[in-house]
Amino acid sequence: MKLALLPWVLLLLATVPGSGPRPTAVHPYKVSETEKSQLVNETRWQYYGTPGITGNLSLTWNTSRLPTQAVTIELWGYEETGKPYSENWTAEWSCLYTLATNIPNSGFFTFTPKPASPDYQRWKVGALRIIDSKNYLGKKDVLALWTNDHALAWHLGNDFREDSVAWARAQCLAWEALEDQLPNFLKELPDCPCTLAQARADSGRYFTDYGCDIEHGSVCTYHPGAVHCVRSVQASPQYASGQQCCYTAAGTQLLTADSTSGSTPDRGHDWGSPPYRTPPRVPSMSHWLYDVISFYYCCLWAPECSRYMRRRPSSDCRNYRPPHLASVFGDPHFVTFDGTNLTFNGRGEYVLLEAVLTDLRVQARAQPGMMTNGSQARGTGLTAVAVQEGNSDVVEVRLAKRSGVLEVLLNQEVLSFAEQSWMDLKGLFLSVAAEDKVSIMLSSGAGLEVSIQGPFLSVAILLPDKFLTHTRGLLGTLNNDPTDDFTLRSGQVLPLNASAQELFQFGADWAVHNTSSLFTYDSWFLINNFVYQPKHDPTFEPLFPDKTTLSPSQAEEAAKLCGNDHFCIFDVAATGSLSVGNATLVAHQLHQQRMQSLQPVMSCGWLAPPANGHKEGLRYLVGSTVHFHCNSGFSLAGAETSTCQADGTWSTPTPECQLGRSYTVLLSIIFGGLAVVLLVSIIYVLLRRKGNMNMWSLQP
């Protein structure tokens, strides 16, 4: 972290040609842990002052990130003032007071919190900042380490410490009254994906919620019972709100109507929204004020969670539509949005996708691979991909000189991800979870995933429904009709049974023009081969799929590895390498698995339990059955079960639980009573007979 102007916009400097360094908005949780100060046992900080939570608090930091002899530790508070959703609604960070001044820069600090003076009690959310002691209190634009933002329970007054439940209940009721005066933001949020598989596959519109991640142990503190949550990538258009969707281990959506652990939408999108500095668009902090601290008031510090959940109901998935997927991988092989397969071994730069609807452009560079004997192969593979939508930033992902590593360029400059793995850029979001995988999320809801598979890049592109009939390029016309996927720039359509040579000409027709290229040419090799030469190399002679031959031993090995995957078999023949063929096989299988995950699913929506009763079953997809039961003293009037049907309706409505015992219970009582009487009578008769027998035996 170079400078720390404000904790909610950690300024990580990205160099933009012609404009010098510029700040990039970053959510605190998206910054590397080494760039922040750590609250030791962070949960303890946020519950401090509630029953049983007392004692010392501690924080740590990496001293190498703040090279100075002595440090000062400050508390900053965040607030938003003015009329919500008006021009005078403003966000402000304020330096409140110091916890320590001029202490050794040891990387560790511990203290016993005391209630702050009444002047500082109105700040309920904030963060700690560590700075060089040479700087004066609250000085901005200095090198600093921040903690994560958190609830300032530890600095609240004695009224909170003496009765935290009563204090929190009052805060919850005040939040409830304010919330009811604010606009309804729920109506403009997108529906959640129906299943966990859909949610994880729809990476253009939904991204992992850092608070509940299946890849990191499913530590879902605020959603017990969930294993994974996602958030909508884009904030809603008018109110800058966000959607959250949580899922159980069975892959079904967890709703607040069934459990307080369910997914809750957010008035303030957790990751913020441009221009970031105005409410409710401030990354993390607007979300804290309107959605998180209120959750603490109502659900964690006071037993008023029903009030919160009524105002943050989960979205169901009845209107959710999965995106459309196309992929490129291997040597290289294309699977279009409509499911058509194509192998195109051109050498050059080509248009994967153009969509006039949003002026979306995705381009790819293909270069020859190498044979196992070191000679140049007659097949090619993707080595770089570039994307831009409208006037967004241009992002290029390419193979780095180091094997197995991706290099990402923003507007022709190489980016470093040493300090963060996420960037909020102009018109897009960029996530780099590992050195071999990059995710790009565009403002239209389109998404790209670029990864390394074997010696080449693998690309997956996701488009929402609005792109139907609006695409062209090597990945075809998205219209659910595969017969027009091989459409030339002129509009001429090649048949699906076109020869490999004809399809090669189709690919060549989609070569990028120099004037529209998105690529960066920052080496003489790239300039000589892709600027001074034609974008499609007419001299390169590829190996066509219908001309491949394998020796008997190669054919046997390829068959054993590939099975009936013709992409894999072709790549073994084109490169002579089983490892390349295996990489292609894996990439193709990943595409097929994602396609399966993105299959549409019909939901009948949430079904209420009966009043004075309950239900069994929290799954609302086709084929699911819900069972109804009444509480003691009530009888069921209606069907005992309801099943979700293929048309999206329930087979029967929720039944009623009527006051009074059910006929079954009454009959069981009546017949049970008769059974007891009968049993007693039988015993009595037997005893009488036994008594008589004894008397008879005593007579002379």
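As named in an unreviewed UniProt entry, the chain is Sushi domain containing 2, taken from Marmota marmota marmota. Of the chain, the UniProt comment under Subcellular location (unreviewed entry) reads exactly: "Membrane".

Caption draft 1: Structural view of the sheet that holds strand 6 (residues 57–60). Strands sit in the order 5-6-9 across an open sheet of three strands; the sheet is antiparallel. The two strands at the open ends of the sheet, each matched to only one other strand, are strand 5 (38–39) and strand 9 (108–111). Here strand 6 runs beside strand 9; their pairing, made up of four bridges, is antiparallel. Paired with Leu 57 across the two strands is Phe 111, which belongs to strand 9.

Caption draft 2: Summary view of the packing of helix 9 (residues 552–562) against helix 10 (residues 566–575). Where helix 9 meets helix 10, the axes come as close as 9 Å, and the angle between the chain directions of the two elements is 145°. As for how helix 9 packs across helix 10, the hand of that crossing is right-handed. Where helix 9 approaches helix 10, its residues Ala 558, Leu 561 and Cys 562 are matched on the opposing element by Cys 568, Ile 569 and Val 572. Here the contact of helix 9 with helix 10 is composed, by residue class, of six nonpolar, no polar and no charged.

Caption draft 3: Structural detail: helix 5 (residues 285–300). In this model, helix 5 (16 residues) spans only 19 Å end to end at C-alpha, well below the 22 Å of a helix rising 1.5 Å per residue. The axis of helix 5 is deflected most strongly, by about 30°, at Asp 291. Judged by how many residues are buried, helix 5 sits mostly within the fold: 14 of 16 residues are covered.

Caption draft 4: Representation of unusual backbone geometry. In the segment running from Pro 274 into Pro 275, the intervening peptide bond is cis, with an omega of 10°. Secondary-structure assignment places Pro 275 in the loop between strand 15 (244–247) and helix 5. In the segment running from Pro 279 into Pro 280, the intervening peptide bond is cis, with an omega of -5°. Along the chain, the position of Pro 280 falls in the loop between strand 15 and helix 5. Notably, Tyr 85 is not glycine yet its phi reads approximately 60°, a positive angle. Assignment of secondary structure puts Tyr 85 in the loop between strand 7 (70–81) and strand 8 (90–104). Its identity as a non-glycine residue notwithstanding, Thr 469 has a phi of 70°, on the positive side.

Caption draft 5: Fine view of empty space enclosed by the protein. Scanning the model with the defined rule gives four cavities of 30 Å³ or more in all. Within this model, the largest cavity holds a volume of roughly 110 Å³. Lining the largest cavity are 13 residues, with Cys 194, Gln 253, Ser 603, Tyr 620 and Leu 621 sitting closest to its centre. Across the lining of the largest cavity, the residue classes tally to seven nonpolar, four polar and two charged. In this structure, the second largest cavity encloses a volume near 50 Å³. Elements supplying a minimum of two residues to the lining of the second largest cavity: strand 19 (348–355), strand 20 (360–370) and strand 21 (376–389). Grouping the amino acids of the lining of the second largest cavity by side-chain chemistry returns nine nonpolar, two polar and no charged.

Caption draft 6: Structural view of the nonpolar core. Core analysis: the biggest nonpolar cluster contains 56 residues, and Leu 360, Val 362, Val 395, Leu 430, Ile 440, Ile 461 and Leu 463 have the highest contact counts within it. Per-element accounting of this core gives the leading share, five residues, to strand 19. For Val 362, the residues in contact, after removing those within four places along its chain, are Tyr 350, Val 351, Leu 352, Leu 353, Val 385, Ala 386, Val 387, Leu 448 and Ile 461. Core analysis: the second largest hydrophobic core is formed by 32 residues, Ala 127, Phe 160, Tyr 296 and Cys 305 among them.

Caption draft 7: Quick peek at the state of the cysteines. Enumeration according to the criterion identifies nine disulfides in this entry. The disulfide that involves Cys 172 links it to Cys 298, with 2.1 Å between the sulfurs. Torsion about the S-S bond of the Cys 172 and Cys 298 cystine: about 105°, corresponding to right-handed handedness. In this pair, Cys 172 is assigned in helix 3 (residues 164–179) and Cys 298 in helix 5, connecting sequence segments 126 residues apart. Comparing Cys 172 with Cys 298, the two get one shared label, buried. Residue pairing for Cys 630: its cysteine sulfur links by disulfide to Cys 657, the two sulfurs lying 2.1 Å apart. Judged by the sign of its S-S torsion, about -95°, the cystine formed by Cys 630 and Cys 657 is left-handed. Linking Cys 630 in strand 32 (residues 625–630) with Cys 657 in strand 35 (residues 656–659), this pair joins segments that are 27 residues apart in sequence.

Rules used throughout
Residues numbered from 1 in each chain as written. Predicted model: local features only at pLDDT ≥ 70, side-chain atom pairs only at ≥ 80, totals over all residues. Heavy atoms only, no water. UniProt positions renumbered as here; feature names shortened; annotations may be inferred. Pairing = 2+ DSSP bridges. Helix = DSSP H or I, 4+ residues; strand = E, 2+ residues; numbered from the N terminus. Axes fitted to C-alpha atoms, helices over the stretch in contact; angles between N-to-C directions. Left-handed = near helix turned anticlockwise from the far one by under 90°. Contact = heavy atoms within 4.5 Å. Nonpolar A, V, L, I, M, F, W, Y, C, P; charged D, E, K, R; others polar. Expected span 1.5 Å × (residues − 1). Bend = angle between axes of the 7 residues up to and from the residue. Buried < 20%, exposed > 50% of the residue type's maximum accessible area, 1.4 Å probe, protein only. 1 Å grid on protein atoms, 1.4 Å probe; cavity = no way out; pocket = protein on both sides within 12 Å on 5 of 7 lines; lining within 4 Å. Points joined across faces, edges and corners; volume = space filled by probe spheres on them. Core = buried A, V, L, I, M, F, W, Y, C linked by side-chain atoms within 4.5 Å. Disulfide = S-S within 2.5 Å.

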